[in-house]
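Analysis of the macromolecular model
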Amino acid sequence: MKCPPMFMALSFISHSGAKIRIPLPLFLIWTLLLPIIFLKIILFLIVDFFLFLLHQDFRMISLLGAFYGLLCSLRGLKVKVGKKRAHGAIEIRID
Amino acid sequence: MSDRNRILKMLAEGKITVEEADELLTALTSGISKGTASSGSSSSKSPAYLFVQVTGEDNVDIRIPLGLLRAGMKFTSLIPAHAAEHINRAMKENGMNFDISSIKPEHVDELIRHLGDMEINVKAKNGENVRVYCGE
């Protein structure tokens, strides 16, 4: 099972190849948001119960699941921009 | 379950029409023959990333996971029926006779598999090159 991105690395690459890598711990954000996420799941389940009673096909929890899937699929994203005149490059990587 | 059986099952369940099943089976057989003709061809394996590379005065290298397409597909299933009707009507008014609810995850998987063969190369006069391709 895929999990959301845990690190976002910001790298500065010089013309000579020297690289400074700053890993930003995204897992800390998920940990901090965990109580809100749990609250949201419970709230969505309650709303879904009422939607079920009202014979509605839409489920709020599936929306949450879709967002989770979108977040998970962001893993592996890489953007590297370099300028010849500036003699360097910046790289953003989500792992 | 093989792809052939899956297509036949979808036809039996009425999820696809006879014409669609015929198209899928033709695509499947052509894909198999292509795969056997060149073993290990990229068409048999679905690519994982979309790469965009720009070289020249500025160098840009972007890697986008194709899983984003699959994840986005899940959002289309959340579109309420009446909203889908509005979208279909608007698309028809603009000359696209297309049913948004007919897009299935299988179609996206097939699209991604075939994206492996795609490559776009653009060479500008100022020496800049743009390359868009899919790969591992």
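Reading guide: rules and limits
- Sequence order as written defines residue numbering, which begins from 1 separately in each chain.
- Here every chain gets a letter starting at A, and every ligand a number starting at 1, in the order they are written.
- Totals for whole chains, interfaces and linings use every residue, but because this is a predicted model, local features are given only for residues with pLDDT of at least 70 and side-chain atom pairs only at 80 or more, for both listing and counting.
- Side-chain numbers here rest on the full set of heavy atoms in the structure, without hydrogens or water.
- The quantity known as pLDDT measures the predictor's confidence residue by residue, on a range of 0 to 100.
- Secondary structure elements follow DSSP: runs of H or I of four or more residues count as helices, runs of E of two or more count as strands, with numbering from the N terminus.
- Should any heavy atoms of two residues lie within 4.5 Å, those residues are considered in contact.
- Joining two parts hides part of their accessible area as seen by a 1.4 Å probe, and the buried area is that hidden amount summed over both.
- By definition, a salt bridge exists where a carboxyl oxygen of Asp or Glu is found within 4 Å of a side-chain nitrogen of Lys or Arg.
- What qualifies as a polar contact is a pair of N or O atoms within 3.5 Å, subject to a donor-acceptor requirement within protein and to the restriction that residues adjacent in sequence count only when both atoms come from side chains.
- In the scheme used here, Gly and all other residues not listed as nonpolar or charged are polar, with Ala, Val, Leu, Ile, Met, Phe, Trp, Tyr, Cys and Pro taken as nonpolar and Asp, Glu, Lys and Arg as charged.
- One requirement defines pairing of two strands: DSSP has to find at least two bridges between them.

**Brief notes about the confidence of the model for chain B**
Residue and element names in this part refer to chain B. Mean pLDDT for chain B: 80, with 88% of residues reaching 70 or above. For chain B, per-element mean pLDDT is lowest for helix α2 (residues 18–37), which scores 66, and highest for strand β1 (residues 49–55), which scores 93. In the model, residues 36–43 has pLDDT below 50 throughout and makes seven contacts with residues more than four positions away in sequence or in other chains. This prediction of the complex comes with two scores: 0.68 for pTM and 0.81 for ipTM.

**Describing the interface of chain A and chain B**
Where interface size is quoted, it is often the accessible area lost as the parts come together. The interface of chain A with chain B comprises 21 residues on the first partner and 18 residues on the second. Summing both sides of the interface, chain A and chain B together bury roughly 1,700 Å²; the carbon and sulfur share of this comes to 58%. At the junction of chain A and chain B, the tally comes to two salt bridges. Notably, a salt bridge pairs Asp58(B) with Lys83(A), separated by 3.1 Å at the nearest N-O pair. There are five residue pairs in polar contact (both at pLDDT 80 or more) connecting chain A and chain B. At the level of secondary structure, the elements contributing two or more residues to the side of chain A that touches chain B comprise α2 (60–72) and β3 (78–83) of chain A. A breakdown of the residues in the side of chain A that touches chain B according to their chemical character gives nine nonpolar, five polar and seven charged. Pairing between β3(A) and strand β2 (residues 58–65) of chain B: six bridges, direction antiparallel. Paired with Lys80(A) across the bridge in β2(B) is Asp61(B).

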